[in-house]
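Overview (structure and organization)
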Amino acid sequence: MAEHAFGGIAIRHLYKIFGPDAGAHVEAVRNGLTKTELNERHGHVLGLRDINIEMPSGSIQVIMGLSGSGKSTLIRHINRLIDPTAGEVLVDGVDVVKMPEAELREFRRHQTAMVFQKFALLPHRSVLDNTIFGLEIQGVARAQSIDTAMRWLERVGLKGFEHKYPNQLSGGMQQRVGLARALANDAPVLLMDEAYSALDPLIRTDMQTVLLDLQKEIKKTIVFITHDLDEALRLGDQIAILRDGEVIQQGTSQDIVLRPADDYVANFVKEVNRGRVVHVEAIMAPLGATAADSGQRIAADLTIEEAVRTLASAPEGDITVVDPSGMPLGTVTFRQLAGAMVNAHETNDRAMAIAANAA
Amino acid sequence: MAEHAFGGIAIRHLYKIFGPDAGAHVEAVRNGLTKTELNERHGHVLGLRDINIEMPSGSIQVIMGLSGSGKSTLIRHINRLIDPTAGEVLVDGVDVVKMPEAELREFRRHQTAMVFQKFALLPHRSVLDNTIFGLEIQGVARAQSIDTAMRWLERVGLKGFEHKYPNQLSGGMQQRVGLARALANDAPVLLMDEAYSALDPLIRTDMQTVLLDLQKEIKKTIVFITHDLDEALRLGDQIAILRDGEVIQQGTSQDIVLRPADDYVANFVKEVNRGRVVHVEAIMAPLGATAADSGQRIAADLTIEEAVRTLASAPEGDITVVDPSGMPLGTVTFRQLAGAMVNAHETNDRAMAIAANAA
Amino acid sequence: MDWFYQFPSMDDNALRNLKKVIDETFRGFTRNYGDLIEGFFVPLQHFLIASERFMTKTPWPIITLLILAIAWAATRSIRIAAGCLVTLLLIGYFDMWDDTMRTISMIFVCTILSIAIGLPIGILMSRSDRVQRVVNPVLDVMQTMPSFVYLIPVVMLLGIGKVPGLIAVVIYAIPPMIRLTNLGIRLVDKDVLEAADAFGADNRQKLFKVQLPLALPTIMAGINQTIMMALAMVVIASMIGVQGLGQPVLKAIANQYFTLGIFNGLAIVGIAIMFDRVSQAYGERLQKHREVVHG
Amino acid sequence: MDWFYQFPSMDDNALRNLKKVIDETFRGFTRNYGDLIEGFFVPLQHFLIASERFMTKTPWPIITLLILAIAWAATRSIRIAAGCLVTLLLIGYFDMWDDTMRTISMIFVCTILSIAIGLPIGILMSRSDRVQRVVNPVLDVMQTMPSFVYLIPVVMLLGIGKVPGLIAVVIYAIPPMIRLTNLGIRLVDKDVLEAADAFGADNRQKLFKVQLPLALPTIMAGINQTIMMALAMVVIASMIGVQGLGQPVLKAIANQYFTLGIFNGLAIVGIAIMFDRVSQAYGERLQKHREVVHG
Amino acid sequence: ADCGSVTIASMNWQSAEVISNLDKIILNEGYGCSAEITIGDTVPTITSMAEKGEPDIAPEAWIDLLPDVVKKGTEEGRIVKVGSPLPDGGVQGWWIPKYFADAHPDIKTIPDLLKHPDLIKDPEDPSKGAIFNGPQGWGGTVVTAQLYKAFEAEKAGWTLVDTGSAAGLDGSIAKAYERKEGWVGYYWAPTALLGKYEMVQLEAGVPYDAAEWKRCITVAECTDPKPSAWPVDTIVTLVAKPFSEKAGPEVMEYLNKRSWSNETIAKLMAWMTDNQASGEEGAKHFLEENPDIWKKWVSPEAAAKIEAAL
Ligand SMILES: Nc1ncnc2c1ncn2[C@@H]1O[C@H](COP(=O)(O)OP(=O)(O)OP(=O)(O)O)[C@@H](O)[C@H]1O
Ligand SMILES: Nc1ncnc2c1ncn2[C@@H]1O[C@H](COP(=O)(O)OP(=O)(O)OP(=O)(O)O)[C@@H](O)[C@H]1O
Ligand SMILES: [Mg+2]
Ligand SMILES: [Mg+2]
C-alpha cells in the first residue's frame, strides 16, 4: 500500500448492534453471544460482528452473502451513514468513525460516492438534476457539472431522458440514474450496493466494463455488493463472503471457488460457471508424474473454458502446461479439462492437493 | 389448451402509448411510427407495440429484455393495473380489458397475485400483516390467513421476523415479504416482476425451487420477469424477449439459445452457461454418418453438462445417442460435447442444420 | 380624471336599496321558517344539554377519573395522564371547574362532529379533482367570513344558545380537518396504492387499510388544528349565549379584570393541550411503524 | 361530602388577592417598560403606515394592474389573473375599495411576516424533538388563548393601531405555518435524505435541495392556513383600531346591518381566495414532478 | 306563585351584570321563578329577543345608545319597555383624565381643549391631536363624529381615532392613565372604568339643543352639524312580548319599580372592582347592604322570602 497515493480502506474489529442500548452489549457479543441470543435475550439485532477487511487502493472488493447478512450495513459504515457500535474504519489512513462533522462532510463530498440498493433518487428533480446532485453539493459550477453529467448519462444509456422525472422511468433506468449520479462525482472510493441488480444482461455487462475501465484508468477503490456470482468473479479482485454479520471467507475468486472455507461457501459458489473461473494451473498434474514435454502446449493462467476452446480441434493426448516464460509446469488432458468444467468435487480435491503442494 | 380447466393467458395486438392523448396515435403506431418518432413528433412514449403472446395454463412464461423495454408495462396489463391503448388481454378466456370494475376486483382477488419490482410493501404493517394482506382483502378469516401466511413466511426464510416492520428488513428480506404476500394468495396466475432480483444465489435457487414445485403440484400459470439468463432457462417453459416495446423472439429456452432471432438476442444469450441448456441431441451427428452402434450410449435429452459429467471417465470413441425407448438417434464424441459447451457458433450452426432437418 | 383616483362605484342610493332588500328578504325568511329550522335542531340541543348536565352535575372526582381513564386508554402514557390530572386540579383550584366542564362538553361535541363530518368530506375531495375545486372555495368562505357576520343571521334563525354556538364553532373549525385529510390522502405513495389495487382491494379497503393509515400523520395535524380552532371560538360562541369559559373572558374584558381573563384563557389553553396531547398520542400509537428507522 | 360535589377551590379571598397582585404587576410593567417596547416597534409602524398609504393613495387602475402583474408572474395562469380582476372590480363596484386596500396591505405584511418567522421555527422544530416538545405547547397557547384576553394588555403596552393589530394577527396566524413546516419536513423519505448525506450535503443543502422541496405540499397547506387565519383575524384586529374591512363588519353587527356585514365579509373572503389561489398555484409551479405519474 | 322558567340576559358590562344577577335572585327567591342568566353581547341578545322571544328580560338596555334593533323591536311590538333601572340616566360625553384636567386648569370645555392638539398626539401621525372615538356602530360614536365636525376639530389639527371596540377604547384609556399621558375621547357613565380611572367630562360650552340633536348630530350622513351638549340617556328594562304576557302582574310590577340611583350603582361597582367581584357577588353584596332600597321594590312577603334566603 503506497502511502503517498490513496491509501485504500481498512476495516478493523467493526461491530454494529441495532437497538436503543447497543453499546451495553458489545462486550457480550465480543465474548461470543450469538445473533439469536442477543435478539431473544435483549431485543437487539446483531448487524455486524468483528469485521476485518483490508481493501488495497485501486482494487475492487466484492461483498457477497445471504440476504440479511449485513452487506448493506457494512458498506454504509465506510462513509459512516451508520455509526458503528465499536471498531475502526480507516479510509486513506483516517478513521472515519472519529471524524468531526465538517470533515466527514468533506470526506463524503470528495472521497466517496455511493449507489443505493433502492436507488434513492430525488423525486422532485429531473434525471439531469439528479445526476448533478453530487457536483452541486461540492459547489461545482453548473455548466461544468452539466457537461460531466451529460457525459455519464450518455455512457449509461440514458441520453434523451435527461428531462424526465424518476417516476417516468423503468426500474433499471432509475438504477442507472443512481449510477450516473455516483460516477459523475469522480470520487476515489465508489460504494455500490447491488448497483446492477435491476439491469438486463447486456447493459449489465456494459456497466461492468465501465467499472473495469474506470478502475484500470484511474485506480478507483470500489466496494461492490452483488448477488451475481459471475459478476463477482468478473469484477472482484477480492471477494468477502458474509453470513449473519460475520466474514466467513475472504480471498480472490480462485480462492473462493476452489477452496471454499465451509459448506456454506461451497454451496454459494456451486452454481458458478467454473470454466470461466478456474485456471488450467489448478487442475494440471504437476510435472514428473508423466513423461516429458509432448506436442501441445498451453499457458497455465488460461481459464479452462479458454483452454477447451483452443484445444477443441487439437489432436488427442497429454497437453503440457507452461508458465509465461515457456517453462513447463505440468500436464493435463482434454478430458480432465472438460471434466473440471462440470465437476465441482474433483477440481476441489485437486486444488487442495495443489495448495498443499504449494505450501 | 383444456377449456374446462384454467384457460391460460392470451395477449393479442396489445398497444400501450403513454401520454395525454394516447388513443389518437395508435393508428400511426400501427402503421409503423417508431418509438423515437412518436416521442419527438408528439411527445408521447411508446410503451408496447402489437404484443401477441399465448401463455398456456400451467406454464411459466419468462419475459426478458433490455431495461426500459416494457416488461413491467406488459405484466401490469395482465391484471390491468395499466389500461391498454388498444388490444385484448384474455385470461382464462375473459378479456380483462373489458371487465367492469366489480368483476375486475374479483378477478384480481382470486385469479392473480403479483410481486412488484420495487416491493411495494405497506410500510405501516408488520411483515405478517403484509403477508396476509391479499387474504384480508379476499375476506378470509384472520386465524386462517395467519396460518397460511406463517407457512409461507417460513418457506421464504423469514420465520422470526413476522413482527418486524418493512423498514427494519434488508432489501432481500423485503423482497421475500412481497413474495410471501403473493404466494399466500394462492391464485392461479402469478405475476412476478423481477421478483428475485435482490436475492442471493442460495435463497434464489431455493425460491426457484418453490416456484417449480408449485407449478408442478398445482399448475399455476406464472409470468416471470427476470434479467438472469440462468434463471430464465431454469424456470421458463417459454421465453419472450422484448425490445423497445416489441416482442423480438418467443420460444423455449433451447430455441432462444440455439436459434436467436437476431444479433440482439444472440448477444443477450451470449453469456449463458450453454452446458446447462443445450441438449446432446442438438449437437449429435445424425445416424448413418458413422457406422452403427458403438459401446457407449447416452440419452438424447441430457444436457451437455450432464453428458460430459457421465462420460468424463468413459473410454474414448464415438458415443451413441439414444431416445428414451433406446432407439439410436445419432452419434457424438466427447470432444464435440466439450467443444459445444464453450463455443457458441459451432453449436448454433449445427442446431440450424438439425432444425432444417427436422422441418 | 375622477374615476382614476376614485373607483367608480355603485350609486349610493342603489346600494342602500339593495342592502335593504336583502335584509328584508332574510328577515322574512327567518320569520317564516325559523321555527321549522329550529325544530330540526332540537335533538341536537337536547343532546348538548344532557352532555353539559352530565359534565357539571357529576361530582368532580368522578369526572376527573373518567377523563384520566380516557387519557390512559388512548395514550398508555403516564406522563400524559398525569399532565391531565394536574391541569384539572389547577383548574378546579382556581375555581373554574364548572365553566371548564361546560366548555369541555361543548368542545368535545364540536370536535367529534368536525371530525365525523370533515373526514368523509376530505376523503371525497381527495378522490376527485372536481370535488376539490368546488369544496376549496367553500372552505375559504367558512374560514374567513368573519363569524360576527353570520352570528346575527344564525341568531335570528335559531336564537341564542348552544345550538347556534355549536354551528358557529363547527363552521370555523372544520376546514383544516377537511383540507389536511385531503392532502394526506393525496400524498400517499402511488406504489403502495398500486399494490392494493393489484390484490383487488375495493375503495373501502384501500381507504381503511392503506390510505387512512398512511395519511395519519397529516390527518392528525388536521385534528390538532380543528381542536385549536374550536377552542379559539369559545369566546365568540359565548357571545351568543354558550356557557363556559368564554363568558368570564368577555366579562374580564368589559371590566378590565386582566387576571381573570388570563386565568380563564389559560383554562382554555389547558383544555386545548389536554385534547391535543391525548389525540396526538393516540395517533402516534396507531403508527408504531414510524418509530423504527433503518440505520 | 361537600368537597365531593363542589371542587375544593382556592379561598375566595386568596384568589382575589392573587388576581390583584398579578394585575398590579402587569400595570407596573407597562408603566415602566411600555415606552421602551413601543419604541422598539416604531420602524415597523412606519413601514405599515407607508404600505397602507401606498395602497390607498395610488390610483386604483395602477393597483389593479400591479396585483394582476404579481398574480400572473406567480402563477402564469390566465384563469387566476382573471379571477383576481373580477374580484377587485366587484369590490370596487360595491364601494369597498379603500377598506379592501387597507386590509390587503395589512394582511400581506402579516402573511409575509408569518411565513418569514414561521418557516425557520418550523425547520428548527423538525430538527430536534426537544425543540418540538418546547414549541408545541407555546403554539397551543398562541392559537387558543382568546385574543380578547390579550387585546387589552397589548393595547396598554402598545396603544391602539396597526402594530398591536399586526402582533395579534401574527400570533394567531403563525402556528399552522410552523406546525405544517415541521410535519412536512419530518415526513420526508428517509432514503432520500440518506442519499443527500452520502453525497456530503450539509444541513443547509439538505434543507434547500431536499427537505423543503419535498415538504412543499405540506408547507403550502401551512401557508394556506396562515392566510386563512390572518384573514379570520381581520375583525379582531379592527377591534384595536386597525382600519380596513373589519370596521364595517363591526358596525354591521352593532347595527344589525345584515347585508353590510355580508358584503364586507365577502370582500374578506375575496381577498382570501386571491391570496390563496395565487400562493397555491405558485407552489404547484414549484413541484412539476408531481404531475407525472408512472402508469 | 307560579312564575315558571325565566331567562335573563346579562350584558357584559358591570352594571348590567349586577342588575341581572339581582333580578335572578329576587325572581327566584321572591317569586318562585326558576330564572337563568344567559350572557351575550347586546346586539345578538336583543336581536334574539325580538325575533325569537328569548331571552325574556334584558334588565339594562341603553336604548339611546343602541341602534335600530330596539327601535324596530318596540315599534313592531316584539319587545316591551318596562321601567328604568337607572332613572338618572346615562351620562355620555367627551372625557379627559383627572390628572390631565388638573395639570391644565384652563381646559374646561371642548373648544378649550381643541386649541391644544399638541397635548394629545396621534400615535400614527404625531403632527395631529387625537380624539378617541368609540367603536363603529355605537350611537355615541356617531355623535362624537358629528360633534367633531361641529366643533371644526379637523381644522384645529385633530384626527378622530377609531378604537374599534370597547376593549380598544378601554385599553387606550388604561394605557394613557398608567403612563399619565393625555387622552380625550368618548365615554359614558356609570361604568366600572370611570370608577377605576377618575375622569372629567368636558363641557360643550353650549346648551343641549334637542332639535339639532335629532336633525343632524345623531345622523351620520348629515354634513352640517352645530355644536350641542349631550342629553342624558334613558336606560330601560326590555322584556320580550311573550314573557310580558305570561309573567303575571307581580313580576311585571317588580320590574317596573326596580331602579337605583347612579350614586348607588357607582358605589357598588367601585366595591366590585376593588374586589374583582362577579355580578352575583355584587348582587348579594347589594342585597345585604341596602335592604332599605330593594325592599321598596317588592311585596312584603317576597321581601321576607328573599331576606330569609340571604
Ligand atoms: N407514466 C409514464 N410516462 C412516460 N413514460 C413511461 C411511463 N411509464 C413507463 N414509461 C416508459 O415506458 C418504457 C417501459 O418501461 P417499463 O417499466 O415497462 O420497463 P421495463 O422493461 O420494466 O424495464 P426495467 O427492466 O428497467 O424494469 C420506459 O421507456 C419508460 O420510460
Ligand atoms: N434499523 C434496524 N433495526 C433493526 N434491525 C436492522 C435495522 N437495520 C438493519 N437491520 C437488520 O440487520 C441485518 C442486515 O441488514 P442489511 O440490510 O445489511 O442486509 P443485506 O446483507 O444488505 O441484505 P440484502 O442482500 O437483502 O440487501 C438484517 O437482519 C436486518 O433485519
Ligand atoms: Mg442490502
Ligand atoms: Mg420493470
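Since the model is a prediction, treat every value here as computed from it, not as a measurement. (Residues numbered from 1 in each chain as written. Chains lettered and ligands numbered in written order. Predicted model: local features only at pLDDT ≥ 70, side-chain atom pairs only at ≥ 80, totals over all residues. Heavy atoms only, no water.)

**Notes on the sheet that holds strand E6 (residues 112-115) of chain B**
All names here are of chain B. To be explicit about the condition: Should DSSP find at least two bridges between two strands, the strands are taken to pair. Counting from the N terminus, the helices are DSSP H or I runs at least four residues long and the strands are E runs at least two residues long. Throughout, an axis means a line fitted to C-alpha atoms (over the contacting stretch in the case of helices), and angles, computed between N-to-C directions, take values from 0 to 180 degrees.
Spatially, E6-E7-E8-E3-E9-E10 is the arrangement adopted by the six strands of the open sheet, whose pairing is mixed. Strands at the two margins of the open sheet, each flanked by one partner only, are E6 and strand E10 (246-251). Across the sheet, the mean angle from the axis of one strand to that of its neighbour is 15 degrees, orientation sign disregarded. Looking at chain direction, strand E7 (residues 189-193) and strand E8 (residues 221-225) are connected through five bridges and run parallel. Of the residues in E8, the one forming a bridge with aspartate 193 is isoleucine 225.

**Structural notes on the state of the cysteines**
Formally: A pair of sulfur atoms, both from cysteines and within 2.5 Å, is called a disulfide here. Each residue is placed in one exposure class: buried if its accessible area under a 1.4 Å probe, protein chains only, is under 20% of its type's maximum, exposed if it is over 50%, and partly exposed if it falls in between.
Considering all chains together, one arrives at one disulfide over all chains under this definition. In this model, cysteine 216 of chain E is linked to cysteine 222 of chain E through a disulfide, with the two sulfur atoms separated by 1.8 Å. Classification of the bridge connecting cysteine 216 of chain E and cysteine 222 of chain E rests on its S-S torsion, roughly -100 degrees, and on that basis the disulfide is left-handed. You can call cysteine 216 of chain E buried: its relative accessible area is 0%. The exposure class assigned to cysteine 222 of chain E is buried, which follows from its relative accessible area of 11%. The cysteine cysteine 84 of chain C is free of any disulfide, with cysteine 110 of chain C supplying the nearest cysteine sulfur at 19 Å.

**Some thoughts on the packing of helix H14 (residues 304-311) of chain B against helix H15 (residues 334-342) of chain B**
Residues and elements named next belong to chain B. So the rule is basically this: We call two directions roughly parallel when the angle between them is under 35 degrees, roughly antiparallel when it is over 145, roughly perpendicular when it lies between 65 and 115, and oblique otherwise. The hand of a helix crossing depends on one turn: near helix anticlockwise from the far one by less than a right angle means left-handed, and clockwise means right-handed. Contacts were defined at the residue level, with two residues in contact if any of their heavy atoms lie within 4.5 Å.
Their axes nearest at 10 Å, the elements H14 and H15 cross at an angle of 140 degrees. Classed by the angle they form, the pair H14 and H15 counts as oblique. The hand of the H14/H15 crossing is left-handed. Side by side, H14 and H15 meet where Ile304, Ala307, Val308 and Leu311 of the first sit next to Phe334, Leu337, Ala338, Ala340 and Met341 of the second.

**Topic: the UniProt feature "transmembrane region" (unreviewed entry) in chain C**
Here is the rule we go by: UniProt positions are given in the numbering used here, feature names are shortened, and annotations may be inferred rather than shown by experiment.
Mapped onto the present numbering, the UniProt feature "transmembrane region" (unreviewed entry) falls on residues 62-94, 106-128, 148-174, 214-237 and 257-275 of chain C. Spanning residues 257-275 of chain C, this segment combines 95% helix with 0% strand, and its end C-alpha atoms are found 27 Å apart.

**Here's the deal with the environment of valine 127 of chain B**
All names here are of chain B. Looking at the element boundaries, valine 127 is found in helix H5 (residues 127-131). As a C-alpha pair, valine 127 and leucine 337 span 210 residues in sequence and 49 Å in three-dimensional space. Excluding anything up to four places from it in sequence, valine 127 contacts Leu153, Phe161, Glu162, Lys164, Leu169 and Val177.

**So, the coordination of the magnesium ion (ligand 3)**
Heads up, the condition is: For Na, K and Ca the donor cutoff is 3.2 Å, while for all other metals N, O and S atoms must lie within 2.8 Å; water is not among the atoms, so some sites may look incomplete.
Surrounding the magnesium ion (ligand 3) are the protein donor atoms Ser72 of chain A (OG) and Gln117 of chain A (OE1), at 1.8 to 2.2 Å. With serine 72 of chain A in helix H3 (residues 71-78) and glutamine 117 of chain A in the loop between strand E6 (112-115) and helix H5 (127-131), this residue pair connects regions lying 45 residues apart in the sequence.

**Looking at the interface of chain D and chain C**
The test is simple: The term salt bridge refers to a pairing of a side-chain nitrogen on Lys or Arg with a carboxyl oxygen on Asp or Glu at a separation within 4 Å. Polar contacts here mean pairs of N or O atoms no more than 3.5 Å apart (in protein, one a potential hydrogen donor and the other a potential acceptor; neighbouring residues in sequence count only if both atoms are side-chain atoms).
At the interface, 79 residues of chain D touch 79 residues of chain C. Across the chain D-chain C interface, the total number found is two salt bridges. Among the salt bridges present, the one from aspartate 140 of chain C reaches arginine 277 of chain D, with a minimum N-O distance of 3.3 Å. Counting across the interface, chain D meets chain C through eight residue pairs in polar contact (both at pLDDT 80 or more). With 14 residues, helix H14 (residues 258-285) of chain D is the single largest residue contributor to the side of chain D that touches chain C.

**Comments concerning the interface of chain D and chain A**
How we decide: Throughout, the accessible surface (probe 1.4 Å) given up by two parts as they are put together, summed over both, is called the buried area. Polar here means any residue other than Ala, Val, Leu, Ile, Met, Phe, Trp, Tyr, Cys and Pro, which are nonpolar, and Asp, Glu, Lys and Arg, which are charged; Gly is therefore polar.
Every contact between the two is made by 21 residues of chain D and, on the other side, 27 residues of chain A. Together, the buried faces of chain D and chain A total about 2,200 Å²; carbon and sulfur atoms form 62% of this surface. Inspection of the region where chain D meets chain A yields three salt bridges. Residues arginine 109 of chain A and aspartate 202 of chain D are paired through a salt bridge, measuring 3.3 Å at the closest nitrogen-oxygen approach. Counting across the interface, chain D meets chain A through eight residue pairs in polar contact (both at pLDDT 80 or more). If you list the elements that add at least two residues to the side of chain D that touches chain A, you get helix H10 (190-198) and helix H11 (203-232) of chain D. A per-element tally of the side of chain D that touches chain A places H10 of chain D first, with seven residues. A per-class count over the side of chain D that touches chain A returns eleven nonpolar, four polar and six charged.

**Brief notes about the relation of the copies chain D and chain C**
The line we're drawing: Alignment of the copies relies on least squares applied to C-alpha atoms, considering only residues that score at least 70 for pLDDT in both.
Of the transformation superimposing chain D on chain C, the axial component is 0.1 Å and the angular component is 180 degrees, with the fit at an RMSD of 0.2 Å. Both copies are brought into coincidence by an operation consistent with a two-fold rotation axis. The position closest to the rotation axis in chain D is occupied by the C-alpha of threonine 218 of chain D, lying 4.2 Å away.

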